[in-house]
Amino acid sequence: MASITDRPGFVPPPYPYDRLDRFKPLAERLDGGLVDLSIGTPIDPPPDAVLAALGSSDAERGYPASIGSLELRTAAQRWIGRRFDVTVPIAQIGACVGTKEFVGTLPQWLRLRRPDRDTVLFPAVAYPTYEMGAILAGCRAVPVLPNADGSLDLAAIAPADADRALVLWVNSPSNPTGALDDLASAAAWGRSHDVPVFSDECYVEFTWSGRGRTILEHGLDGLVAVHSLSKRSNLAGVRIGFYAGDGELVHYLQEVRKHVGLMVPGPSQAAGVAALEDDAHVAVQRDRYMRRLERLADVLGRWSGCDIPLPAGGFYLWFDAGDGWDFTERLAAEGGALVSPGDFYGAGGTQFVRVAVVQPDERIELVAARLGLG
Ligand SMILES: Cc1ncc(COP(=O)(O)O)c(C=O)c1O
């Protein structure tokens, strides 16, 4: 008889970035060490007012509100109004502990609400957590292929998958491609198929082609926008994001998330208020990222001969390098820089490479100098 240990239970796959460890020694042996352009982790400072709020909130002792303090949700409401000219009732906004946990846990909550459905639709080349959230919930993860312009090919979604869908994820600007999606079409597709559309907009402040857009410009019914302060305000270590939109969906998520103790720490909530009320630091950060995108596109393009376009949004370069792993190894050895092979983001990315421009200018210049392009 088979013992319980013989059963093939869930084995978490290797975390994508851990697979890069073998390239680190190649870069570390160069003078000046490794220049890490792999994970999209911010390195620039958050605004002083945010750090002051973090240290002076007096919110350490008591449990924070899981749905987010009234001040935080009001600040989010005001930001959505200012940025997109959209009005969302405060009751239709909830806090999350950074958006990764929200993306990773959403399918299990939606499945409990709709046990007759079991499918998560997500962009075929994307942030891996959309698919992982489906897997962790025991759902079917069904990728949606892109059109040539990077928007989702919604017409290609099989009717049988649409009938079973709990959610359609969109991500605009996209990590990793930098493409902007057609949010009006996604909203219309969701409504006509009775599938909630969740729109991950955490890079929206770094939209380079036209103004930043939210799916909520197309109404709130059946739509939820997901935002993070990690990228906007260099607060990835503080863990704060929020979701806003459809009244019933948001209310359901607020309630179910309370039961698991998903709470943004009180001091982080206070920091979030200060961050959302300030736009000046975002303008400074936009300039930094655009400068680094342009410099690295030029340096890596000249070194490799690859055609490296600037993205329509986000702070990643995404380009066809022939073979993503081969390029990554060569760049680690010759330039001492670590980037991400495109297959981290789906099989469609195998030939590609993603470069996160999250190092100070002088570190980027070090890479340029190593490649003979200083
Ligand atoms: C597309 C996308 N969504 C969500 C996240 C999660 O960010 P956080 O959990 O810091 O809010 C990231 C982080 O890289 C991302 O790229």
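A quick note: this is a predicted structure, and the numbers were derived from the prediction, not measured. (Residues numbered from 1 in each chain as written. Predicted model: local features only at pLDDT ≥ 70, side-chain atom pairs only at ≥ 80, totals over all residues. Heavy atoms only, no water.)

A. Broad picture of the overall build of the chain. Helix and strand counts for the chain come out as 13 helices and twelve strands. Relative to its length of 374 residues, the chain is compact, with a C-alpha radius of gyration of 21 Å against a globular reference of 21 Å. Projected onto its principal axes, the C-alpha positions of the chain cover 60 × 55 × 50 Å. Burial statistics for the chain: of 374 residues in total, 54% are counted as buried. Once local pairs closer than 6 in sequence are excluded, the contacts in the chain between residues at least 24 apart make up 75%. In the form shown here, the chain has an accessible surface area of approximately 15,700 Å², with 54% of it arising from carbon and sulfur atoms. The chain carries 35 positive and 47 negative side-chain charges, and their two centres are separated by 2 Å. (Helix = DSSP H or I, 4+ residues; strand = E, 2+ residues; numbered from the N terminus. Rg over C-alpha atoms; globule rule 2.2 N^0.38 Å. Buried < 20%, exposed > 50% of the residue type's maximum accessible area, 1.4 Å probe, protein only. Contact = heavy atoms within 4.5 Å. Areas by Shrake-Rupley, 256 points an atom, 1.4 Å probe, with all protein chains shown as cover. Lys, Arg positive; Asp, Glu negative; His and termini not counted. Charge placed at Lys NZ, Arg CZ, Asp CG, Glu CD.)

B. Main features of the pattern of salt bridges. Taken as a whole and judged by the stated rule, the model has 24 salt bridges. Taking the shortest distance from any N to any O, the salt bridge between arginine 257 and glutamate 101 comes out at 2.6 Å. Of the two residues, arginine 257 is situated in helix α9 (residues 247-258) and glutamate 101 in helix α4 (residues 99-113); the sequence distance between them amounts to 156 residues. Taken as a pair, arginine 257 and glutamate 101 share a single burial class, namely buried. In this structure, the salt-bridge partner of arginine 295 is aspartate 298, at a minimum N-O distance of 3.8 Å. In this pair, arginine 295 and aspartate 298 are both assigned in helix α11 (residues 280-304), three residues apart and thus about one turn of the helix distant. Residue class for aspartate 298 comes out partly exposed when judged on its relative accessible area of 34%. One network of salt bridges, with partners in common, ties together Asp44, Arg288, Arg291, Arg292 and Asp361. (Salt bridge = Lys/Arg side-chain N within 4 Å of Asp/Glu carboxyl O.)

C. Broad picture of the sheet that holds strand β9 (residues 316-320). Taken in spatial order, the three strands of this open sheet run β9-β12-β11, and their pairing is antiparallel. Unpaired on one side and paired on the other, β9 and β11 (340-341) mark the two borders of the sheet. Direction of pairing for β11 relative to strand β12 (residues 352-356): antiparallel, over a ladder of two bridges. Note that in β12 the partner of proline 341 across the bridge is valine 353. On the sheet, α11 packs against β9 and β12 and is oriented at approximately 25 degrees with respect to β9. (Pairing = 2+ DSSP bridges. Axes fitted to C-alpha atoms, helices over the stretch in contact; angles between N-to-C directions.)

D. Local environment of the site of the ligand. Around the ligand, the surrounding shell holds 14 residues, and the nearest of these are Asp200, Tyr203, Ser228, Ser230 and Arg239. The side chain of serine 230 places a nitrogen or oxygen atom 2.5 Å from an oxygen atom of the ligand. For the ligand, an oxygen atom lies 2.7 Å from a polar atom in the side chain of lysine 231. Contact with the protein chains removes 92% of the 400 Å² of surface that the ligand exposes when unbound. Listed by contribution, the elements that provide at least two residues to the shell around the ligand are α4 and α8 (229-232). Looking at the shell around the ligand residue by residue, the class counts come to four nonpolar, six polar and four charged. (Near = heavy atom within 4 Å. Polar contact = N/O pair within 3.5 Å; in protein donor to acceptor, adjacent residues only side chain to side chain. Nonpolar A, V, L, I, M, F, W, Y, C, P; charged D, E, K, R; others polar.)

E. Summary view of the nonpolar core. Judged by nonpolar contacts, the single largest core of 45 residues is most densely connected at Leu168, Ile215 and Leu216. Those elements giving two or more residues to this core turn out to be α3 (70-84), β2 (93-96), β4 (140-144), β5 (165-171), α7 (183-193), β7 (223-228), β8 (241-245) and α10 (266-276). The greatest single-element share of this core, amounting to six residues, is contributed by α3. The next biggest cluster of nonpolar side chains, apart from the first, holds 35 residues, and it includes Val35, Trp303, Tyr316 and Val357. (Core = buried A, V, L, I, M, F, W, Y, C linked by side-chain atoms within 4.5 Å.)

F. Inspection of the sheet that holds β5 at higher detail. Taken together, seven strands build an open sheet; the order of strands is β2-β8-β7-β6-β5-β3-β4 and the sheet is mixed. Across the chains shown, the open sheet's two edge strands, defined by having one partner strand only, are β2 and β4. On average, adjacent strands in this sheet sit at an angle of 20 degrees to one another, irrespective of strand direction. When strand β3 (residues 119-123) meets β5, the two strands line up parallel, connected through three bridges. Across the sheet, the residue bridging to leucine 121 is leucine 168, located in β5. Of the strands in this sheet, β2, β3, β5, β6 (197-200), β7 and β8 are in contact with α4, which crosses β5 at around 160 degrees. Against the sheet, helix α5 (residues 129-136) engages β3, β4, β5 and β6, with an angle of about 170 degrees to β3.

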